[in-house]
Amino acid sequence: MHVFTQLSAWQAARAASEFGNPSVGFVPTMGALHAGHRALLARARAENDCVVLSIFVNPTQFDDPTDLDRYPRTLAADLELAEGLADYVIAPAAAELYADKYGYRVTESILSLRWEGAHRPGHFDGVLTVVLKLLNLVQPRRAYFGEKDWQQLQLVRGMARAYFLPVEIVACPTIREPDGLALSSRNRRLTAEGRTRAADFPRILRAAPTAVAAATALQSAGFSVDYVDDTDGVRLGAVRIDGVRLIDNVRL
Ligand code: PAF
């Protein structure tokens, strides 16, 4: 596994004739890798000749500086998890990836304003901008995204269509703990009690007859609810517990 922290070195390697013309599968992440990321890497491994993983805690998608500071950074453990699954890892510095000082950005102006976008202003500008930069750097045939971030997945797909990007966006099912909680890098910030109660979140999303009933039941169970909404056969939700924000979605 080759690890690149300098984009210029990665770009030279990507352009070199030794790279050949393999099908490249790409898994973009912000690190703090867990079994959900492992599943994305394993799928990329199975479907492509070569797998590229990016690890970059993207500052432009955090609307809350405290959240950015508290985001776990675990590069050594991440590289260990990726060993044998990724061929190349790019872990660039923000100064290099944002040499334009975020002067150029991708804005979607319809779907991005709802749900997550309504609660985290500017979040999806940051996500789409960094994903476009990374796709251009990696030039993958396929890029892998988890269904847990349902709205992100729709927006990345929409961007690929809107800009005619030569990449297939592959959606991968959410990986869950045995009690149903979706895997997330944020789960490690929950207290033991919060972790136990967090499993009620997907359970209530699934069991409630309507989105309004789910929001009410979540509040009664001690969650602070940002939103619950039904759309396109999916129920989306975002809640806070223990000061940790969790998002999830279930098929209706
Ligand atoms: O889903 C994530 O981890 C991030 O939003 C992504 C796609 C890596 C962009 O920073």
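Structure first, text after, so check above.
The residue numbers shown here count from 1 along each chain, following its written sequence. Owing to the predicted nature of the model, reporting of local features is limited to residues with pLDDT of at least 70; listing and counting of side-chain atom pairs is limited to 80 or more, with chain, interface and lining totals taken over all residues. As a rule here, side-chain values cover all heavy atoms of the structure and leave hydrogens and water aside.

**Student:** Is there a simple way to think about the site of the ligand in this case?
**Tutor:** In the neighbourhood of the ligand, the contacting residues comprise P28, T29, M30, N58, Q61, V130, V131, F145 and Q152. Polar contact is defined as a pair of N or O atoms within 3.5 Å, subject to the rule that within protein one atom must be able to donate a hydrogen and the other to accept it, and that residues adjacent in sequence are counted only when both atoms are side-chain atoms. At 2.6 Å from an oxygen atom of the ligand is found a side-chain nitrogen or oxygen belonging to Q61. Contacts to the ligand include Q152, whose side-chain N or O atom sits 2.7 Å from an oxygen atom. Only the protein chains shown count as covering a residue, and every accessible area follows the Shrake-Rupley method with a 1.4 Å probe. Notes on the ligand: free accessible area 290 Å², of which the protein chains cover 88%. Numbering of helices and strands starts at the N terminus; helices are DSSP runs of H or I of at least 4 residues and strands are runs of E of at least 2. Elements that contribute at least two residues to the shell around the ligand include exactly β2 (24-29) and α7 (123-138). The rule for a residue being near a molecule or strand is that one of its heavy atoms must lie within 4 Å of it.

**Student:** Would you explain the packing of aromatic side chains in this entry?
**Tutor:** The relative placement of two aromatic rings is captured by the distance of their centres and the angle of their planes. The aromatic pairing rule takes the rings of Phe, Tyr and Trp, using the six-membered ring of Trp, and pairs them if the centres are within 6.5 Å, calling planes under 30 degrees apart stacked, those over 60 edge-to-face and the rest tilted. Within this structure, the stated rule accounts for 10 aromatic pairs. Between the aromatic rings of F4 and Y88, the centroid separation amounts to 6.3 Å while the plane-to-plane angle is 35°, which identifies the pairing as tilted. Within this pair, whereas F4 is found in strand β1 (residues 2-4), its partner Y88 is found in strand β4 (residues 88-90), the two being separated by 84 residues in sequence. Like F4, the residue Y88 is buried in the burial classification. Think of it in three bands: residues with accessible area under 20% of the maximum for their type are buried, residues over 50% are exposed, and the middle band is partly exposed, with areas taken using a 1.4 Å probe on protein chains only.

**Student:** What exactly am I supposed to notice about the environment of A160 here?
**Tutor:** Secondary-structure assignment places A160 in helix α8 (residues 150-162). Two residues form a contact once any of their heavy atoms are found within 4.5 Å. Look past the residues within four positions of A160 in its chain and what remains in contact with it is L165, V167 and I169.

**Student:** Got a minute to help me understand the sheet that holds strand β3 (residues 50-55) in this structure?
**Tutor:** By way of backbone hydrogen bonds, the strands of a sheet pair with one another, either parallel or antiparallel. Strand order in the open sheet made by the six strands is β1-β4-β3-β2-β5-β6, with parallel pairing throughout. Unpaired on one side and paired on the other, β1 and β6 (168-172) mark the two borders of the sheet. Averaged over all pairs of adjacent strands, the angle between their axes in this sheet comes to 25°, without regard to strand direction. Against the sheet, helix α1 (residues 7-15) engages β1, β2, β3 and β4, with an angle of about 135° to β1. The axes used here are C-alpha line fits, helices contributing only the stretch in contact, and every angle between their N-to-C directions lies in the interval 0 to 180 degrees. Here α8 sits on the sheet and contacts β5 (142-146) and β6; the angle it forms with β6, its principal contact strand, is near 165°. Pairing between strands is defined by DSSP: at least two bridges between the two strands are required.

**Student:** Could you clarify how one ought to interpret the nonpolar core in this entry?
**Tutor:** A general feature of soluble globular proteins is that nonpolar side chains tend to end up buried together. One finds W10, L97, V131 and I169 to be the most contacted residues of the largest nonpolar core, which totals 36 residues. For this core, the elements supplying multiple residues, two or more each, are α1, β2, β3, β4, α7, β5, α8 and β6. For this core, the element with the highest residue contribution is α7, accounting for 10 residues. In this structure, F201, I204, A211 and L218 belong to the second largest nonpolar core, which totals 19 residues. Nonpolar cores were defined as sets of buried Ala, Val, Leu, Ile, Met, Phe, Trp, Tyr and Cys residues, with membership established by side-chain atoms within 4.5 Å.

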